[in-house]
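Topology and contacts: notes
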Amino acid sequence: MLIAEAVAGLKYSEWSRIKTAIDKKFSSASNRVKLEDAEELKVAIEIEL
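Residues numbered from 1 in each chain as written. Predicted model: local features only at pLDDT ≥ 70, side-chain atom pairs only at ≥ 80, totals over all residues. Heavy atoms only, no water.

1. Section: the overall build of the protein
- A count of helical and extended segments in the protein gives three helices and zero strands.
- For the protein, the α and β elements follow one another from N to C terminus as α-α-α.
- Taking the principal axes of its C-alpha atoms as reference, the protein extends roughly 40 × 25 × 20 Å.
- Within the protein, the fraction of its 49 residues that count as buried is 0%.
- Total accessible area on the protein is roughly 5,000 Å²; 61% of this is exposed by carbon and sulfur atoms.
- Computed over 8 positive and 9 negative side-chain charges, the inter-centroid distance for the protein is 13 Å. (Helix = DSSP H or I, 4+ residues; strand = E, 2+ residues; numbered from the N terminus. Buried < 20%, exposed > 50% of the residue type's maximum accessible area, 1.4 Å probe, protein only. Areas by Shrake-Rupley, 256 points an atom, 1.4 Å probe, with all protein chains shown as cover. Lys, Arg positive; Asp, Glu negative; His and termini not counted. Charge placed at Lys NZ, Arg CZ, Asp CG, Glu CD.)

2. Some details on a nonpolar patch on the surface
- On the surface, Leu-10, Tyr-12, Trp-15, Ile-18, Ile-22 and Phe-26 cluster together into a nonpolar patch covering about 620 Å² of accessible area.
- You can see Leu-10 is positioned in the loop between α1 (2-7) and α2 (12-30).
- Leu-10 sits in the partly exposed class, given a relative accessible area of 31%. (Patch = residues over 30% accessible without salt bridge, like charges linked within 9 Å, V, L, I, M, F, W, Y side chains within 5 Å. Salt bridge = Lys/Arg side-chain N within 4 Å of Asp/Glu carboxyl O.)

3. Regarding a negative patch on the surface
- Together, Glu-36, Asp-37, Glu-39, Glu-40 and Glu-46 line one region of the surface with negative charge.
- Note on placement: Glu-40 falls in helix α3 (residues 38-48).
- A relative accessible area of 56% places Glu-40 in the exposed class.

Right, dumping it as structure tokens:
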């Protein structure tokens, strides 16, 4: 709930700037991520849908 409390009341433009900063920070790390387990990925997608 800490994240929800931190972003409560933000305007969309404020949230968008924060999201952009976070995405930039993690983009280099995410480029090294490999999907090894196809079954695990399938389950994760099914849960989201």
